[in-house]
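Single-letter residue listing:
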Amino acid sequence: MKKNHFKIIFWFSAFLLLCGCYPQENGYVNEYDLVATNYDKEFNFSANKTYALPDSIVLIGDQTLTGEPIFVDQATATLILNQIRTNLNNYGWTETDSLNAAIVLLPSAFKNTNVYYYYDWSYWGWYYPGYYPGYGWGYPGYGYPYPVATSYQTGTLFMQMTYKAGIEASSVPVVWTGVINGLLNSGGSSSVNSRITSTINQAFTQSPYLK
Amino acid sequence: MKNLYIILFLFIATTTQSVAQLGENYLTLQYSTALGLGSTHENISKMAWRGFSLDYKRFVASDLVAVGLDFNWNVLYEKKSYDTYTAGTASLSGTQYRSLNVLPFMATFDYFFADNDHVLQPFIGLGVGPVHTIENIDMGLYRYNNKEWHFGLKPQAGVWYYLNETTKLSLSSEFIYAFKTSDTAKRELLTFNIGFAFIPY
């Protein structure tokens, strides 16, 4: 009788161990997109609804500080600028040149490559002589497993509304900021473009005070 | 309702030829599901199907009174659909993945309404001890992680069903209450558990 109950308990314990795992769900790439906005609540947007946009978008990098700026490729920049333009115009704003505009909207972008280090013994263990499951891998000079690397690239778009009349000697007031962040190297360019469009729209949708 | 009482009475009154429980040790291993209550439910409203509990009881003083130690692990999880979260002037939009691990480590006291001679042994009890919680909120490529130790209480009720001299089927429900800390809100869970209680030797 006892033998039987230990069998039941063994299989039940195995089942419980499986239940204890952390949940994980693989989402679609657009589920990694984030849209953040913030604004100066003292600023009167409705009284300052003229804006100017540049023709290009600066790509922030080390060389931005040390030499000539580099820019986002023009096709993507045009897509971004047109989408910003459409949203502002829909909110009743008027585009003009930078000298006459109350607000100068400055978009900029940032790319970041994140590297994951990942190692799984089973890659080589099936072949390696003398390998037993659970053995470690001694890499000269390190003392821990030699990793296999994989990477993903993220992109961030900053949209900053600066108020020209508020400029002081050392600071330019930013009255609204929109930040969009997501994965870059997943899906084709049409997928990325579609996500850029929808996330820019979202930045304005969640900022109704710009109307 | 009257019929139900009669059936319950007959079950409890049904006796077996078992040995006394006084001095016996029982281990209880249960599959555990949980539902958040209050603010815990507002954060994650889905039923948690991942969990287990491990419980040790020793009958002391009589066949009806047991003291012991109890460990639970329940994992609440929910994917929230795309939404906008606002705090002050800042707004953040995205898809959130929320999970909350609740791990109580409790000293328990249980009172049984029937001894080991009966087919059904209903019981009530109380657990007291620390509760460890691990909360993750994944949004975009970022994760908010909060680990905390709370002081907690766990009133519980259940029933053991006689399978053989050393093994019982165990059904129980617990209300896990982890008091708020200076940094973390209180956590409230209602668990429903099924498993086996057995003498481990």
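Preceding block: the structure.
Residues numbered from 1 in each chain as written. Chains lettered and ligands numbered in written order. Predicted model: local features only at pLDDT ≥ 70, side-chain atom pairs only at ≥ 80, totals over all residues. Heavy atoms only, no water.

Colleague: Help me out: how do you make sense of the nonpolar core in this one?
Modeller: Side chains of a nonpolar character, in soluble globular proteins, are inclined to be buried together. Formed by 31 residues in total, the largest nonpolar core has its most connected members in Ile 84, Trp 93 and Met 161 of chain A. Within the residue set of this core, elements represented by two or more residues are helix 3 (74–90), strand 6 (103–118), strand 7 (148–163), strand 8 (174–183) and helix 5 (189–205) of chain A. The residues touching Trp 93 of chain A, leaving out its near neighbours within four places in the chain, are Phe 45, Asn 48, Lys 49, Thr 50, Tyr 51, Leu 88, Ile 103, Met 161 and Leu 210 of chain A. Ala 34, Ile 44, Leu 100 and Val 131 of chain B belong to the second largest nonpolar core, which has 11 residues in total. (Core = buried A, V, L, I, M, F, W, Y, C linked by side-chain atoms within 4.5 Å. Buried < 20%, exposed > 50% of the residue type's maximum accessible area, 1.4 Å probe, protein only. Helix = DSSP H or I, 4+ residues; strand = E, 2+ residues; numbered from the N terminus. Contact = heavy atoms within 4.5 Å.)

Colleague: Before we go on, may I ask you to explain the environment of Val 29 of chain A in this structure?
Modeller: Residue and element names in this part refer to chain A. Its place among the elements puts Val 29 in the loop between helix 1 (2–19) and strand 1 (34–39). Given the relative accessible area of 22%, Val 29 is considered partly exposed. Val 29 sits 126 residues away from Gly 155 along the chain, and the two C-alpha atoms are 13 Å apart.

Colleague: Mind showing me how you'd approach the pairing of strand 1 (residues 25–36) of chain B here?
Modeller: For a regular strand, the rule is simple: side chains alternate between the two faces of the sheet. All names here are of chain B. Of all 12 residues making up strand 1, 10 are buried, and the element is well covered by its neighbours. Of the strand pairs in this sheet, strand 1 and strand 2 (residues 50–59) are connected by 7 bridges, and their pairing is antiparallel. The partner of Leu 29 across the bridge, within strand 2, is Leu 54. As paired elements, strand 1 and strand 8 (residues 187–198) share 10 bridges and run antiparallel to each other. Paired with Leu 27 across the strands is Phe 198, a residue of strand 8. (Pairing = 2+ DSSP bridges.)

Colleague: Is there a simple way to think about the pattern of salt bridges in this case?
Modeller: Oppositely charged side chains can pair when the atoms bearing their charge come close. Residue and element names in this part refer to chain B. Counted according to the given criterion, the structure contains 11 salt bridges over all chains. A salt bridge links Asp 55 to Lys 57, with the shortest nitrogen-to-oxygen separation between them at 2.8 Å. The same class applies to Asp 55 as to Lys 57, namely buried. Measuring nitrogen to oxygen at the nearest pair gives 3.1 Å for the salt bridge that ties Glu 174 to Lys 154. Taken together, the residues Glu 174 in strand 7 (residues 167–178) and Lys 154 in strand 6 (residues 142–164) connect sequence positions 20 residues apart. Since its relative accessible area comes to 1%, Glu 174 is described here as buried. Lys 154 gets classed as buried once you look at its relative accessible area, which sits at 0%. The network of salt bridges with shared partners includes Asp 55, Lys 57 and Asp 110. (Salt bridge = Lys/Arg side-chain N within 4 Å of Asp/Glu carboxyl O.)

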